[in-house]
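What follows is each chain in one-letter form.
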Amino acid sequence: MDTYIPFCGLPPTPAEVLSRWTLDPTLLIGLVLALAVGWAVANERKRITVGWVMVALLFISPICAASMALFSARVAQHILLTLIAAPLIATALPRLRAPAMPFALGFAILFWLWHAPLPYAATLQSDAVYWVMHISLTGSAVALAASLLNAPERGILALAFTAAELTAFAAILTLSTSAWHGWHAVTTAPYGLSALEDQQLAGALMWVAGGAVMMGLIGWFAMRAVRGGLGKESL
């Protein structure tokens, strides 16, 4: 029976990680179709193209392969995907005229779910589950950002909640005394890390880098809210 190979391939060694670009035809076709749909619905094609390029690089570049070896690389990928690329894409789309808090709750549930041991392991055993994870995370982050952009003065609470739940999750990862993901019990060793140290690094990245991004987003939305809301001015 053939051994299943995850979408991004087997975990690379440090010497080969920078050469591991993912040029899977299905991925490339999917990215092109996503860009076409984005252009069809976007208010600002330049901005959505920039967001699309960032998303594409997160899956084509060696970050994809690195995430097979290091949980911290997967978390870094998700920070860039949900906290930077998704909001950028949302600024190019029509505003989502709905309360932000339900989307904040949905994003929180999905983020915690997909980094928990069993769902995380499932993404390494099935391409379908792998893409359900990334599409649901990205989609929920775009929806949350789009709802916040529609009424930032009413969305500050939802954004603060998102910052708080991500900080709580980062703290749990960082302070945990046991590694969650058996897959990384072996894959991290070539990088000079134990699975627990890699997990703690992931938590620190989320805590520091993710926290810095969230504080910037809160400040930006607060400033826009004071000015009267984004619905009354162009970005």
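This text follows the structure it describes.
This report concerns the structure included in the present document.

About the criteria used
- Residues numbered from 1 in each chain as written.
- Predicted model: local features only at pLDDT ≥ 70, side-chain atom pairs only at ≥ 80, totals over all residues.
- Heavy atoms only, no water.
- Helix = DSSP H or I, 4+ residues; strand = E, 2+ residues; numbered from the N terminus.
- Rg over C-alpha atoms; globule rule 2.2 N^0.38 Å.
- Core = buried A, V, L, I, M, F, W, Y, C linked by side-chain atoms within 4.5 Å.
- Buried < 20%, exposed > 50% of the residue type's maximum accessible area, 1.4 Å probe, protein only.
- Contact = heavy atoms within 4.5 Å.
- Polar contact = N/O pair within 3.5 Å; in protein donor to acceptor, adjacent residues only side chain to side chain.
- 1 Å grid on protein atoms, 1.4 Å probe; cavity = no way out; pocket = protein on both sides within 12 Å on 5 of 7 lines; lining within 4 Å.
- Points joined across faces, edges and corners; volume = space filled by probe spheres on them.
- Patch = residues over 30% accessible without salt bridge, like charges linked within 9 Å, V, L, I, M, F, W, Y side chains within 5 Å.
- Areas by Shrake-Rupley, 256 points an atom, 1.4 Å probe, with all protein chains shown as cover.
- Salt bridge = Lys/Arg side-chain N within 4 Å of Asp/Glu carboxyl O.
- Nonpolar A, V, L, I, M, F, W, Y, C, P; charged D, E, K, R; others polar.
- Expected span 1.5 Å × (residues − 1).

1. Details of the overall build of the protein
Counting its regular elements, the protein contains 10 helices and zero strands. Reading the helices (α) and strands (β) of the protein from amino to carboxyl end gives α-α-α-α-α-α-α-α-α-α. Against the globule reference of 18 Å for 235 residues, the protein gives a C-alpha radius of gyration of 18 Å, in line with a compact fold. For the protein, the spread of C-alpha atoms along the three principal axes comes to 55 × 40 × 30 Å.

2. A closer look at the nonpolar core
Of all hydrophobic cores here, the largest spans 53 residues; its most connected members are Phe 59, Phe 111, Tyr 130, Leu 148, Met 206 and Met 214. Put simply, the parts of the chain that give this core at least two residues each are α1 (25-41), α2 (45-60), α3 (62-69), α4 (71-91), α5 (100-115), α7 (127-150), α8 (152-175) and α10 (195-226). Considering each element in turn, this core owes the most residues, 10 residues, to α7. In this structure, Tyr 130 is in contact with Phe 7, Cys 8, Phe 59, Cys 64, Arg 74, Gln 77 and Thr 123, ignoring residues within four places of it in sequence. With five residues, the next largest nonpolar core counts Val 17, Ala 66, Leu 70 and Ala 73 among its residues.

3. Considerations on the environment of Arg 47
Note that Arg 47 resides in helix α2. Considered as a pair, Arg 47 and His 78 are 31 residues apart in the sequence and their alpha carbons are 20 Å apart.

4. Quick look at the side chain of Thr 187
You can see Thr 187 is positioned in helix α9 (residues 184-187). Classification of Thr 187 by relative accessible area gives buried; the value is 10%. Polar side-chain contacts of Thr 187 include one of 2.7 Å to the backbone oxygen of Ala 69. Polar contacts involving the side chain of Thr 187 include one to the side chain of His 184, which spans 2.9 Å. Dropping the residues within four chain positions of it, Thr 187 is found in contact with Pro 11, Met 68 and Ala 69.

5. A short note on the layout of surface pockets
For the largest pocket, the calculated volume is near 660 Å³. In terms of lining residues, the largest pocket is bounded by 23 residues, among which Leu 31, Ala 34, Val 55, Ile 135 and Thr 138 are the most central. When contributions to the lining of the largest pocket are tallied by element, the ones reaching two or more residues are α1, α2, α4 and α7. Broken down by element, the residue count for the lining of the largest pocket peaks at seven residues, all from α1.

6. Some points on a nonpolar patch on the surface
On the surface, Trp 21, Leu 23, Leu 28, Val 53 and Leu 57 cluster together into a nonpolar patch covering about 470 Å² of accessible area. For Val 53, the location among the structural elements is in helix α2.

7. Examining empty space enclosed by the protein
For the structure on display, the rule yields two cavities of 30 Å³ or more. In this structure, the largest cavity spans a volume of roughly 120 Å³. Around the largest cavity sit 13 residues that line it, and Thr 82, Pro 87, Leu 144, Ala 145 and Leu 217 are the ones nearest its centre. Put simply, the parts of the chain that give the lining of the largest cavity at least two residues each are α4, α7, α8 and α10. For the lining of the largest cavity, the element with the most residues is α7, which contributes four residues. Class assignment of the residues belonging to the lining of the largest cavity gives a composition of 11 nonpolar, two polar and no charged. There is about 40 Å³ of room inside the second largest cavity.

8. A short note on the environment of Leu 159
Within the secondary structure layout, Leu 159 lies in helix α8. You can call Leu 159 buried: its relative accessible area is 4%. Sequence separation of Leu 159 and Ala 145 is 14 residues, and the distance between their C-alpha atoms is 9.0 Å.

9. With respect to α2
Spanning 16 residues, α2 covers 22 Å between terminal C-alpha atoms, matching the ideal 22 Å at 1.5 Å per step. Those residues of α2 that fall on the buried side of the exposure criterion are Ile 48, Gly 51, Val 55, Ala 56, Leu 58, Phe 59 and Ile 60. Against α1, α3, α4 and α7 lie the buried residues of α2. Between the side-chain oxygen of the N-cap and the backbone nitrogen of Lys 46 there are 3.1 Å, and the N-cap of α2 in question is Glu 44.

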